[in-house]
Amino acid sequence: MPHEFKDLHTVAETSFPYIFEQNVTVRLKIEGGLVRCNVYRPKNSGRVPVLVTYGPYGKDIHYKDFHPKSFSEVNPQQKSDHSAWELPDPGFWTQHGYALVRADERGLGQSPGVLDTMSRGTSEAFCDVVEWAAEQTWSSGKVGLLGISYYAGSQWRVAARKPKGLSAMIPWEGMSDYYRDRCRHGGILSNRFIRFWWNRQVITNQYGRPGRSASNWGPDTLEGNLSEEELTNNRNDQTVDNRINKFRDNVYYASKEYDMGDIEVPLLSVGNWGGILLHLRGNIQGYLHAASQFKYLRMITGRHDLPFYYDEEVQVQLSFLDAFLKGDDRVGWTQEGKVAPVSLVLRKGDVGFNNAEAEKAYQRREENEWPLARTQYAKFFLTPTLGLTQNETLASERKKLSYRALGTIEDPQYLSFSTGPFDVETEITGHVTAHLNVSVSPDPAGPTPKDMDLFVTLRHIGPHGKEIFYTGTAGDPVPLTKGWLRVSLRKVNRGHPKHQPWLPHRDYTSRDTLPVIQGEIYTVDIEIWPTNVVVEKGGKIVFEVSSGDTQGSGIFLHDDPEDRPPEIFQGMNHIHFGSQFRNYLTLPVIPPR
């Protein structure tokens, strides 16, 4: 480590349309140490509200260097000399009377310390930065949180700690449950994204890492480089930690837990129907369980990176923050019942994917609650002939359908069940569940299987007979939604306050593991992430059950050989049918108003 920390603070008052303070030091209260942040302030404006962000991607790495293609597509009105990935742009927000505080997370950029992303220490340091921002002479004392992804997911944990000055939050596509939303889907390790994210976007910006400037990845560490040994010792590796920790009662996961009910500040949770493998669930769960008097859920479509900067979405952000941080409520956010709590975008028709202009054809509708009170939960029974029907008698034949375990994206192994063409246009909006009867059996001369992983996918076939794809996180084509379950973690806690008929609650602790023995039939209920679609007359719904990732998984693959070893999972997987073994998909059908 460098022998001493230096005063790196500089101020540029005339070079930009705003005052730019770089590398301001914020002393941390609980564990000591410091973080460094950039401050962007309007000129000649007096005290103003502050938007605070705290994260790993480098406060000094320009958006155009972090992701050139994405930046080229960003709304030009949201670009400046200090644009950064997934963050509000200083040019726009200072022009509208806000200061921005952009902090390098501990152990990253110009902030010394141990790199430990999404940890309890991260949340506590973030709280310190929020309170520091509220106390500055140029601050009105009111702080808001605004950002995408990491800069959204971290908001939930910080808001639950109630830092002084925090007055509003907009988690834009941000997970709220580290274990369930991001790391272990149904108990299964989502390893590929974690590895990609960690190696490309995090350790490349570690404090003391040499060669950053030469790689056009922000400035080098101003206090000097660290050796490779020091760098390794100064980080907790997410790719390792998530692999060796499997349960929510492991200290690694338990230390990140919090009570969503402790969140009381005004909340605008913005989720994306296409975020079916990372953030979608978290935005909805966060909205449901926050205790905020004024809380709103807004659903969007499109890529993960761009909608945040669309003119219409920025105006929503601005009006919400103006209402709670400035007392300028032009819309009615601060008046109960004035703004609908839930705003949905309805996916009807085949507009293609990764086409923002075409997606403007989707209509928006306001609702009073989530899930929608008029939801009719309809059971569609799986049949031995690969049908999906509301006629339960067609599912009574005693039979077993089989597929190989340990399917992969290159060699998917699955069964696919389809409805007939819908007779009338039907809207499906809300939470989806599946009820299956499953078992495992070994290969000849193979190991005895001791567990089973279930991957399920909901697909939409248009009246034209082809699957309709939607825009995924990276602009890739995705199906309607997905769900997962490791069968040894099938235990449901029906007494938990978050358990609902439309959302089975699992604790995922080490005490919840149950045996999986070949030849035994296990009845399981699978949580499938929320979705929306309007199935037009002649369209179909397809339900896919597989033993590994299938189309639409993108970079969010679950293929770690230590998490899914052949000695545990190899063999055949089965779905059982009969009068005692009803298998069904429950869809949230929305009747017309």
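Small disclaimer: the values here were computed from a predicted structure and weren't measured.

### Comments concerning the overall build of the chain
Helices and strands together make up the secondary structure of the chain, namely 13 helices and 26 strands. Relative to the compact-globule value of 25 Å for 593 residues, the chain shows a C-alpha radius of gyration of 25 Å, a close match. The principal-axis extent of the C-alpha atoms belonging to the chain is close to 75 × 55 × 40 Å. Here the chain holds 593 residues, and the buried ones make up 62% of them. Each charge sign in the chain was given a centre, from 66 positive and 72 negative side chains, and these centres are 3 Å apart.

### Details of the environment of Thr385
Looking at where Thr385 falls in the secondary structure, it is placed in the loop between β14 (376-382) and β15 (388-389). Sequence separation of Thr385 and Leu297 is 88 residues, and the distance between their C-alpha atoms is 40 Å. A polar atom in the side chain of Thr385 sits 3.0 Å from the side chain of Thr383.

### Considerations on the UniProt feature "domain: Xaa-Pro dipeptidyl-peptidase C-terminal" (unreviewed entry) in the chain
In the numbering adopted here, UniProt assigns the feature "domain: Xaa-Pro dipeptidyl-peptidase C-terminal" (unreviewed entry) to residues 318-586. Structurally, residues 318-586 is divided into 5% helix and 35% strand, and its ends, taken at the C-alpha atoms, are 38 Å apart.

### Details of the pattern of salt bridges
Summed over the entire model, instances satisfying the criterion amount to 39 salt bridges. Three or more residues are tied together by salt bridges with common partners; here these are Arg184, Asp453, Arg486, Asp563 and Arg564.

### Here's the deal with the sheet that holds strand β5 (residues 99-104)
Strand order across the open sheet formed by 11 strands is β1-β2-β3-β5-β4-β6-β7-β10-β11-β12-β13, with mixed pairing between neighbours. Each of the sheet's edge strands pairs with one partner strand only, and the pair in question is β1 (10-12) and β13 (363-367). Mean inter-strand twist for the sheet, computed between neighbouring axes without regard to direction, equals 20 degrees. Note that strand β10 (residues 267-272) and strand β11 (residues 295-300) share 6 bridges and pair parallel. Each residue of the ladder has a partner; that of Leu267, found in β11, is Lys295. In the packing of helix α11 (residues 280-289) onto the sheet, contacts are made with β7 (166-172), β10, β11 and β12 (342-346), and the angle to β11 comes to roughly 160 degrees.

### A look at the pairing of β10
Burial analysis of β10 places 6 of its 6 residues in the buried class, the great majority of the element. Note that β7 and β10 share 2 bridges and pair parallel. By the bridge assignment for β10, Met169 is matched with Leu267. Following the chain from β10 across α11 to the adjacent parallel β11, one finds a crossover that is right-handed.

### Points about the domain arrangement of the chain
Taken domain by domain, the chain comprises domain 1 (10-367) and domain 2 (376-590). For domain 1 and domain 2, the distance between their C-alpha centroids amounts to 33 Å. Across the domain 1 to domain 2 interface the summed buried area is about 4600 Å²; carbon plus sulfur atoms make up 59%. In terms of surface lost to domain 2, no three residues of domain 1 exceed Ile188, Ile276 and Arg347, which account for 16% of the buried area on that side. Scanning the region where domain 1 abuts domain 2 turns up 7 salt bridges. Asp559 serves as the salt-bridge partner of Arg192, at 2.8 Å between the closest nitrogen and oxygen. At the surface where domain 1 touches domain 2, the tally comes to 25 residue pairs in polar contact (both at pLDDT 80 or more).

### Regarding the nonpolar core
One finds Leu321 and Phe543 to be the most contacted residues of the largest nonpolar core, which totals 127 residues. Tallying contributions element by element places helix α12 (residues 311-326) first for this core, with 8 residues. Taken together, domain 1 (10-367) and domain 2 (376-590) each give at least three residues to this core, which thus spans both. The residues touching Phe543, leaving out its near neighbours within four places in the chain, are Leu382, Leu388, Leu415, Ser416, Phe417, Ala434, Leu436, Val456, Thr457, Leu458, Ile528 and Leu585. Counting residues in hydrophobic clusters, the runner-up holds 34 residues, among them Ala134, Trp138, Leu145 and Ala290.

### Here we look at the side chain of Asp560
Mapped onto the elements, Asp560 comes out in the loop between β24 (540-546) and α13 (566-569). Although Asp560 is buried, it makes no salt bridge; Arg243 carries the closest opposite charge, 4.3 Å away. One polar contact links the side chain of Asp560 to the main-chain amide nitrogen of Glu562, over a distance of 2.8 Å. Residues in contact with Asp560, not counting those within four places in the same chain, are Leu189, Asn191 and Arg243.

### Quick notes on the packing of aromatic side chains
Taken as a whole, this structure holds 38 aromatic pairs when the rule is applied. Aromatic side chains Tyr179 and Tyr508 sit 5.3 Å apart centroid to centroid with 35 degrees between the ring planes, which places their arrangement in the tilted category. One end of the pair, Tyr179, is in helix α6 (residues 178-183); the other, Tyr508, is in the loop between β22 (481-486) and β23 (522-535), and 329 residues separate them in sequence. The exposure class of Tyr179 is buried, given its relative accessible area of 1%. Residues Tyr296 and Phe320 carry aromatic rings whose centres are separated by 6.3 Å and whose planes lie at 85 degrees to one another, so their mutual orientation is edge-to-face. Of the two residues, Tyr296 is situated in strand β11 and Phe320 in helix α12; the sequence distance between them amounts to 24 residues. Here Tyr296 matches Phe320 in class, with each residue buried. Above the face of the Phe71 ring, Lys79 is positioned so that its terminal group lies 4.5 Å from the ring centre.

### A word on the packing of helix α4 (residues 120-135) against helix α5 (residues 150-159)
Pairs of packed helices are described in terms of their axes, by the angle between the two and the distance that separates them. Across the interface, α4 lies against α5 with an axial gap of 9 Å and an inter-helix angle of 85 degrees. In this view, α4 runs roughly perpendicular relative to α5, as classed from their interaxial angle. Residues Thr122, Ser123, Phe126, Cys127 and Val130 of α4 pack against Tyr150, Ser154, Arg157 and Val158 of α5. Looking at the contact of α4 with α5, its residues break down into 5 nonpolar, 3 polar and 1 charged.

What counts and what doesn't
Residues numbered from 1 in each chain as written. Predicted model: local features only at pLDDT ≥ 70, side-chain atom pairs only at ≥ 80, totals over all residues. Heavy atoms only, no water. Helix = DSSP H or I, 4+ residues; strand = E, 2+ residues; numbered from the N terminus. Rg over C-alpha atoms; globule rule 2.2 N^0.38 Å. Buried < 20%, exposed > 50% of the residue type's maximum accessible area, 1.4 Å probe, protein only. Lys, Arg positive; Asp, Glu negative; His and termini not counted. Charge placed at Lys NZ, Arg CZ, Asp CG, Glu CD. Polar contact = N/O pair within 3.5 Å; in protein donor to acceptor, adjacent residues only side chain to side chain. UniProt positions renumbered as here; feature names shortened; annotations may be inferred. Salt bridge = Lys/Arg side-chain N within 4 Å of Asp/Glu carboxyl O. Pairing = 2+ DSSP bridges. Axes fitted to C-alpha atoms, helices over the stretch in contact; angles between N-to-C directions. Contact = heavy atoms within 4.5 Å. Right-handed = clockwise from strand over helix to strand, strands pointing away. Domains from an automatic or database assignment. Buried area = accessible area lost by both parts, 1.4 Å probe. Core = buried A, V, L, I, M, F, W, Y, C linked by side-chain atoms within 4.5 Å. Phe/Tyr/Trp six-rings, centres within 6.5 Å; stacked < 30°, edge-to-face > 60°. Lys NZ or Arg CZ within 6 Å of the ring centre and 35° of its normal. Parallel < 35°, antiparallel > 145°, perpendicular 65-115°, else oblique. Nonpolar A, V, L, I, M, F, W, Y, C, P; charged D, E, K, R; others polar.

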